[in-house]
Amino acid sequence: PSPVDPTRRLMLRIVPYGDEQYLMLIRDVTRLHRLQAMRRDFVANASHELRSPLTVLGGYLDSMVEDRDLDPAWRAPVRQMRAQCQRMNNLVNDLLELSRLETEESDAPMDSPVDMPALIRRLGRDAVLADAEAHPLDIDIETERCLHGVENELYSALSNLVINAFRYSEAERPVSVRWHEADDGGLVFEVQDRGVGIDRRHLPFITQRFYRVDSSHSRAQGGTGLGLAIVKHVLKRHGAELDVESEPGVGSIFRCVFPSERACATRQRRSSAV
Ligand code: ADP
């Protein structure tokens, strides 16, 4: 037999065939796998290369906006350019984060205890500071239980959900966040808004990259179309599920449901002994 090629990928499926028999299908997905890896690398490299020029452009545009001597005819276009530059920056950051999450080799250790109540409180403070329309944010932490996982990934996923709740609700509509334990010992992070809601025919697609129900509204609100794709990947890495309930004109509830095996009692404090 030829030596085993470690880069070879095979997909195995077992399907029922009649009453007592099964068919085993083996598909060679090596080419597909390589193409996906090439796409991921290309997106990651291109986003990385775009970062520096965008930082330089953004810096000059910031100074021009502040410049009192700027020709008044240039004020509006310069503001527009700065807003577009900011949008590109958000997009590049989201693309980088998504390709990092998609790369299998990037697996950070998934077993550090993350103090979820503290993370959610910090997230609430940051979100309120960033929210120009000042939606009231109600945070209800019903359990002090924590999770084994990756802190910055969890922060990024949960903040994407809170930002969306603000983004797709009219100014001053309240948003509620809840952290609680499910009956089976799993842990649930829940965000509820009273915003535009999502028609049920769109629900199966909203976690696909660049899928938007109303792209002009999303763009106008600074959305990149990648937020829920990031959420989906982070949850998948943590063995969790995203559950969405929504009604157009009434609002939405996004729930991240973490399995009980990920739960831990409290964050292990570092020993203070010297
Ligand atoms: P975006 O950057 O466009 O917000 P997301 O991936 O975060 O991208 O979300 C995908 C789409 O799902 C959004 O464009 C929006 O149409 C819809 N969506 C997400 N969250 C909500 C919400 N809380 N209420 C209503 N629609 C939402």
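Residues numbered from 1 in each chain as written. Predicted model: local features only at pLDDT ≥ 70, side-chain atom pairs only at ≥ 80, totals over all residues. Heavy atoms only, no water.

**Q** Before we go on, may I ask you to explain the overall build of the protein in this structure?
**A** Regarding its fold elements, the protein presents six helices and 10 strands. The principal-axis extent of the C-alpha atoms belonging to the protein is close to 80 × 55 × 50 Å. Buried positions account for 37% of the 274 residues belonging to the protein. Look at the contacts in the protein between residues 6 or more apart in sequence, and 68% of them connect residues 24 or more apart. For the protein, the exposed surface amounts to about 17,300 Å²; the carbon and sulfur share of it is 53%. Side chains of the protein give 36 positive and 42 negative charges; the mean places of these two sets differ by 4 Å. (Helix = DSSP H or I, 4+ residues; strand = E, 2+ residues; numbered from the N terminus. Buried < 20%, exposed > 50% of the residue type's maximum accessible area, 1.4 Å probe, protein only. Contact = heavy atoms within 4.5 Å. Areas by Shrake-Rupley, 256 points an atom, 1.4 Å probe, with all protein chains shown as cover. Lys, Arg positive; Asp, Glu negative; His and termini not counted. Charge placed at Lys NZ, Arg CZ, Asp CG, Glu CD.)

**Q** What is the right way to read the state of the cysteines from this model?
**A** Linking two cysteines covalently through their sulfur atoms gives a disulfide. The tally for this structure, following the rule as stated, stands at zero disulfides. Cysteine Cys146 shares no disulfide, and the gap to the nearest cysteine sulfur, in Cys264, comes to 5.1 Å. Of the residues examined, Cys264 reaches a relative accessible area of 9% and is grouped as buried. (Disulfide = S-S within 2.5 Å.)

**Q** Just checking my understanding: could you explain the environment of Arg209 for this structure?
**A** With respect to the element layout, Arg209 can be found in the loop between β7 (187–193) and α5 (215–220). What makes Arg209 partly exposed here is its relative accessible area of 31%. Sequence-wise, Arg209 and Gly227 are 18 residues apart; in three dimensions their C-alpha atoms are separated by 8.1 Å. With residues up to four places along the chain from it excluded, the contact list for Arg209 reads Arg39, Leu98, Glu102, Gly225, Leu226 and Ala229. A distance of 2.5 Å separates a polar atom in the side chain of Arg209 from a polar atom in the side chain of Glu102. (Polar contact = N/O pair within 3.5 Å; in protein donor to acceptor, adjacent residues only side chain to side chain.)

**Q** Honestly, the sheet that holds strand β4 (residues 137–141) in this entry has me stumped. Any pointers?
**A** Strand pairs in the sheet, formed through backbone hydrogen bonds, run parallel or antiparallel to each other. Strand order in the open sheet formed by five strands is β4-β6-β7-β9-β8, with mixed pairing between adjacent strands. Of all strands in the sheet, those bounded by a partner on one side alone are β4 and β8 (241–247). Going from strand to strand, the sheet's axes swing by 10° on average, the running direction of each strand aside. Relative to strand β9 (residues 251–258), β8 runs antiparallel, the two sharing seven bridges. Directly across from Ser246, in β9, lies its bridge partner Ser252. (Pairing = 2+ DSSP bridges. Axes fitted to C-alpha atoms, helices over the stretch in contact; angles between N-to-C directions.)

**Q** I'm lost on unusual backbone geometry in this one. Help?
**A** In most cases, non-glycine residues show a negative phi, while peptide bonds are predominantly trans. A positive phi angle, close to 75°, is found at Glu172, a residue other than glycine. Phi is positive for Phe210, which is not a glycine, with a value near 65°. Locating Phe210 in the fold gives a position in the loop between β7 and α5.

**Q** Would you take a moment to explain helix α6 (residues 227–237) for this structure?
**A** For an α-helix the count is 3.6 residues per turn, leaving residues at separations of three or four pointing the same way. By the criterion of burial, α6 is predominantly enclosed, with nine of the 11 residues buried. Every buried residue belonging to α6 is among Gly227, Leu228, Ala229, Ile230, Val231, His233, Val234, Leu235 and Arg237, and all of these are buried. Those residues of α6 that are buried are in contact with α2 (72–102), α4 (151–167), β8 and β9.

**Q** Help me out: how do you make sense of the packing of helix α3 (residues 116–130) against α4 in this one?
**A** Between two packed helices, what matters for the description is the angle formed by their axes and the separation of those axes. Running from N to C, α3 and α4 point in directions that differ by 45°, and their axes come no closer than 10 Å. Judged by the angle between their axes, α3 and α4 are oblique. The way α3 lies across α4 gives a crossing that is right-handed. Listed contacts from α4 to Met116, Leu119, Ile120, Arg122, Leu123, Asp126 and Ala127 of α3 are Glu151, Leu154, Tyr155, Leu158, Ser159, Val162 and Phe166. The residue makeup of the contact of α3 with α4, split by class, is 10 nonpolar, one polar and three charged. (Parallel < 35°, antiparallel > 145°, perpendicular 65-115°, else oblique. Left-handed = near helix turned anticlockwise from the far one by under 90°. Nonpolar A, V, L, I, M, F, W, Y, C, P; charged D, E, K, R; others polar.)

Function-wise, these values are silent; they only describe arrangement.
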